Every structure is written in structure tokens, then in C-alpha cells.
Amino acid sequence: MSSASEILVDFQDDLAVDDAPSTALDHLKLSPMEDKQWPSDDLASMSKSETDMKHLGQGSHLAWDDPYYDIARHQIVEVAGDDNFGRKVIVFSACRMPPHHQLDHQKLLMYLKHTLDQYVESDYTLIYFHHGLTSENKPSLSWLRDAYREFDRKYKKNIKSLVIVHPTMFVRTLLILFKPLISFKFGRKISYINYLSELDELLKCEQLVIPSRVREYDAKIRQALKPSAQVPKSPPRSPPLPNQQFGVPLSTLKLRSADPEGIPLVMRDTIEFLKEQGLEMEGIFRRSANVTLVKTVQEKYNSGEEVNFGQMEDVHLAAVILKTFLRELPEPLLTYQLYNDIINFQNVEGTSQVGTIRNLLAMLPQENYASLKYLSQFLAEVSARSDVNKMNNANLAVVFGPNLLWGQDAAMTLSAIGPINNFTRTLLDNHQEVFSA
């Protein structure tokens, strides 16, 4: 294989001619492991959340006559809820890109923009699984250059982290070559992760639908390590503290709480503060918060210390803590029992939707119902000020849908997120009728 310096010379020559078709990526050979033709993910290897929506057509969340169906069906781009810091997570899997002749790369770019358009007003994280990029499916350098230029400030401003998983000399050299095009600020957002276990610092890995080929490759490179260089596994979760608030079932919190309605302490604290200070904050729930502060507040709650958001005067911190509390529940607020009914809610006739929602919510445990009602009433107040805070029911559904429900395996896909967000919006649109006595 050519040295990195030789590759740089070749690529820089190609970059100098902007109008000529570039074949520079062909000069940068992939390693034997990268170039291996891995078998497609079969149905048996998919999570339950992935297979639940197969009736839409080969994994696509779009109908077969949608203009982006032929791109979406490959599941190259996915959305996976929020990371540990309240940022939306977008996943791009290189191994799911078919050979060149089977994929319109320009249309893929447009589909990626179409997906991001739903989230770029919020802070977001982009995770790129590099393994599986081969000589058969890698895009041209000119396409990559055009793609970077196509993503204007709207897309780059709110991306807080670009995480490259299983980087190789190929992708590291590529980024060096693109350095003249990449701003310093954007360059600081790029990080490398060598093993899937390292993603735990960023988010719950269970919420990602990670292609089986990526998991197999991760296991393979782990096994190849010398014993002295083995990557430590994530430590087992410690037993809950006596006053723990995060990651504890609502039924347990209800027994501990003196709240007459059984509303969890974290929800009561954050929502009351946000009612006072956050209703007119533009982009409330769209911004992330200081990572250290988020962890500090969680530790205070879990140790039984009092938390006063009024003293901290940080609306975005309280908003992230509320979303984090919901996301870390052992079972989602809307419960696993309702998962299939909510996923299929989009098939319910419009005139029957309110009644259907009321019937579904009637199956919730009392503490879940009370908490959902309390949250929905607050979000109605937020939406009522949408002319100022820019958060209407549709925007709130995008933010809160994945934090109210996920599959039992915790994995999130666009196939599931769309229906969940649709249900959440309908709930918010009709909250008064749904929760009327």
C-alpha cells in the first residue's frame, strides 16, 4: 500500500482540479479486512424493533411510492433518539451502502439532507460506522467534496459531535486531505472510537441498531488484541441507591414520594422551573447542556440532595435533565405493552384517534398515567407560546416521542420513530379531550 505521504500528493493533485471528475479515492486502497464482501444482514440478525416494521418494504420507513424509498430501504441512515447529553443521534452505516451501480449517490445526499432537515434546528450527534466501506461501494472524492460543501451552516452549526467508529488509515488520511476544506471549529467536533464499548460514554448502545457486520468486526478486532491490550468491558451497573431517582421504575419512585399525585421528583422540579423560566425560551428542548453539570445534577438527585434550578438559572440544563429522566426509565413512560398499538396507530381513522388514545392510556399504571398527563399539560403550555419559543406540537413530538416510548430491545429506527412521533403529536393536539374526566 502507498505511504500516507504518497497518497497525500496524489490526492492534492486531484483536488487542484475542481471541475475534473475525481478518481482519487481509487488510489487509496482499502485493507483486506475492509474490502471483504460481507453478507447482507438477514432478518434473523435484526432486532425486534427493526422487524416490527418490515411490512413497509425491506426495512424502509417510507411507502414504496415515496421518492426516497429506493434509498431508505437500505437503512444507511437512521435516527436513534437522544444521546446522554440530550442531543438527537443520526447514524450512518457504510456497510449498508450497496455497490455503485445500485445506488444513486446524489439521491443519497438529498435523502440525508431530507432526514437531517427534521433535526438540524436541534443540537445533534452524527455517528458514522466506517466498517464495510469497500472498493465496490465507496463514493468518489468529488462526491465527498460536493457533499461537504452541500451541507451549509444550517447543518454544521448544531452538529455537536461527529463520531467515527472503527476508523482506519483510509478514513484518517481522507480527513487529512479534506483539512483545507474543513473549518477549525468543525474539525474539533470530529472524534474517533475504536471499539463499540467506547460508545457507552456517549449513549446507550442498546438504542442503536448496529449492523451485524459491524458487531462481528468489533468482536474480531477485540479477539485479535493481546491480553495486555484488551479493552475493558463496561462495568456492571451498581445496585440503586436508597434515594436514587434516575433509572428507577416509576412504581418504586411512587412508593418513596410524598407527592399526592405520584409525580416523580425530577419531573416536578424541572417542569415547575421551566414553567416559570422557560416558556418563552426560543428553542427550549433543542439545545444540549454542559456535560459536567448534567452529571452533577443526576448525582445530587441520586444521593438525595436538594436540587434548585432557580439558583443555577439554566433553562437548557433543566430541559435536558427532564428528557434524561424519561430516557433512563427502565421501562418507557408509555410502557412496552403499548408499543405495537402505538406503532400501528397511524392506521387508525382520524375520527377514532382520540378514543383510541384514551383506551390505550387507560391501560397505563396509575403513576404512568399521572406523569404523562402532567407532562402533556406542561407541553401544551410550551406549545401555546410557540410564536416565541418556536416549539409547536410537531416540534415537541420530535423531541419527546423517542423519550416516551422505545422497543423492548431499546433499539430505535426511523421505522419506529415516525409512528411514535405521530402518536405523540396527536396526543398533544388533543390533550384536553384525551385527559378529560
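Look a little higher up for the structure.
Residues numbered from 1 in each chain as written. Predicted model: local features only at pLDDT ≥ 70, side-chain atom pairs only at ≥ 80, totals over all residues. Heavy atoms only, no water.

*Asks:* Please explain the overall build of the chain as it appears in this structure.
*Replies:* Looking only at helices and strands, one finds 22 helices and five strands in the chain. Per-residue burial for the chain yields a buried fraction of 52% across its 437 residues. Sequence separation of at least 24 residues holds for 79% of the intrachain contacts in the chain that already meet a minimum separation of 6. About 20,400 Å² of surface is accessible on the chain, with carbon and sulfur atoms providing 50% of the total. (Helix = DSSP H or I, 4+ residues; strand = E, 2+ residues; numbered from the N terminus. Buried < 20%, exposed > 50% of the residue type's maximum accessible area, 1.4 Å probe, protein only. Contact = heavy atoms within 4.5 Å. Areas by Shrake-Rupley, 256 points an atom, 1.4 Å probe, with all protein chains shown as cover.)

*Asks:* What should I look at first to understand the nonpolar core in this one?
*Replies:* Grouped burial of nonpolar side chains is what soluble globular proteins tend to show. Counting 104 residues, the largest nonpolar core has Phe-285, Leu-375, Phe-378 and Phe-400 as the members making the most contacts within it. The greatest single-element share of this core, amounting to nine residues, is contributed by helix α15 (residues 315-327). With residues near it in sequence (within four places) discarded, Leu-375 still touches Met-267, Ile-271, Leu-322, Leu-326, Leu-333, Phe-400 and Leu-404. Grouped together as the second largest cluster of nonpolar side chains are 18 residues, Val-91, Val-165, Leu-196 and Val-214 included. (Core = buried A, V, L, I, M, F, W, Y, C linked by side-chain atoms within 4.5 Å.)

*Asks:* Hey, could you run me through the packing of helix α20 (residues 393-404) against helix α21 (residues 414-429) in this one?
*Replies:* Two quantities define a packed helix pair, namely the angle between the axes and the distance from one axis to the other. At a closest axis distance of 8 Å, the pairing of α20 and α21 adopts a crossing angle of 120°. In this view, α20 runs oblique relative to α21, as classed from their interaxial angle. Every pair of crossing elements has a handedness; the one defined by α20 and α21 is right-handed. Contact with α20, carried on its side by Asn-393, Ala-394, Leu-396, Ala-397, Val-398, Gly-401, Pro-402 and Leu-404, involves Ile-417, Ile-420, Asn-421, Thr-424, Arg-425, Leu-428 and Asp-429 of α21 and no other residues of that element. A class-by-class count of the residues in the contact of α20 with α21 yields nine nonpolar, four polar and two charged. (Axes fitted to C-alpha atoms, helices over the stretch in contact; angles between N-to-C directions. Parallel < 35°, antiparallel > 145°, perpendicular 65-115°, else oblique. Left-handed = near helix turned anticlockwise from the far one by under 90°. Nonpolar A, V, L, I, M, F, W, Y, C, P; charged D, E, K, R; others polar.)

*Asks:* Would you mind showing me how to read unusual backbone geometry here?
*Replies:* Working note: non-glycine residues mostly have negative phi, and peptide bonds are mostly trans. The phi angle at Glu-313 is positive, at roughly 50°, despite the residue not being glycine. Along the polypeptide, Glu-313 turns up in the loop between α14 (309-312) and α15. Exposure remark for Glu-313: the relative accessible area of 67% places this residue in the exposed category. Phi at Thr-335 takes a positive value of approximately 70°, unusual for a residue other than glycine. The exposure class of Thr-335 is buried, given its relative accessible area of 6%.

*Asks:* Sorry, what's going on with the pairing of strand β3 (residues 124-129) here?
*Replies:* If a strand is regular, its side chains alternate between the two faces of the sheet. Burial within β3 is extensive, with six of its six residues counted as buried. Direction of pairing for strand β2 (residues 88-93) relative to β3: parallel, over a ladder of six bridges. Looking across to β3, one finds that Ile-90 is bridged to Leu-126. Note that β3 and strand β4 (residues 159-165) share six bridges and pair parallel. From the neighbouring strand, Leu-126 faces β4, where its bridge partner is Leu-162. (Pairing = 2+ DSSP bridges.)

*Asks:* Explanation requested: helix α18 (residues 366-384) in the structure shown.
*Replies:* For an α-helix, the turn length of 3.6 residues means that residues three or four places apart are oriented alike. Between its first and last C-alpha, α18 extends 27 Å over 19 residues, near the 27 Å set by a 1.5 Å rise per residue. Considered for burial, the residues of α18 that qualify are Glu-367, Asn-368, Ala-370, Ser-371, Leu-372, Tyr-374, Leu-375, Ser-376, Phe-378, Leu-379, Val-382 and Ser-383. (Expected span 1.5 Å × (residues − 1).)

*Asks:* It is not clear to me how the environment of Val-434 should be interpreted in this structure. Could you clarify?
*Replies:* Following the sequence through the fold, Val-434 ends up in helix α22 (residues 431-434). For the pair Val-434 and Gly-355, spaced 79 residues apart in sequence, the C-alpha separation works out to 7.6 Å. Contacts of Val-434, omitting those with residues within four sequence positions, involve Val-354, Ile-357, Arg-358, Leu-361, Tyr-369 and Leu-427.

*Asks:* Is there a simple way to explain the pairing of β4 in this structure?
*Replies:* Among the seven residues that make up β4, six are buried, leaving the element largely enclosed by the rest of the structure. As paired elements, β4 and strand β5 (residues 190-193) share four bridges and run parallel to each other. Across the sheet, residue Val-163 finds its bridge partner in β5, namely Ser-191.

*Asks:* Is there a simple way to think about the side chain of Asn-403 in this case?
*Replies:* With respect to the helices and strands, Asn-403 occurs in helix α20. For Asn-403, a relative accessible area of 1% puts it in the buried group. Of the polar contacts made by the side chain of Asn-403, one reaches the backbone oxygen of Val-399; its length is 3.1 Å. (Polar contact = N/O pair within 3.5 Å; in protein donor to acceptor, adjacent residues only side chain to side chain.)

*Asks:* Just to check I follow, could you spell out the sheet that holds strand β1 (residues 77-82) for this structure?
*Replies:* Paired through their backbone hydrogen bonds, the strands of a sheet run either parallel or antiparallel. With respect to topology, five strands assemble into an open sheet ordered β1-β2-β3-β4-β5, the strand pairing being mixed. With partners counted over all chains shown, the strands left at the sheet margins are β1 and β5, one partner each. The sheet shows a mean angle of 25° between the axes of neighbouring strands, taken without regard to direction.

*Asks:* Would you take a moment to explain the packing of helix α12 (residues 265-277) against α18 for this structure?
*Replies:* Two elements in contact, α12 and α18, have axes whose closest approach is 11 Å; the angle formed by their N-to-C orientations is 15°. Overall, the two elements α12 and α18 adopt an arrangement that is roughly parallel. Relative to α18, α12 is oriented so that their crossing is left-handed. Contacts from Met-267, Arg-268, Ile-271, Glu-272, Leu-274 and Lys-275 in α12 reach Ser-371, Tyr-374, Leu-375, Phe-378 and Glu-381 in α18. Its residues assigned to classes, the contact of α12 with α18 comprises six nonpolar, one polar and four charged.

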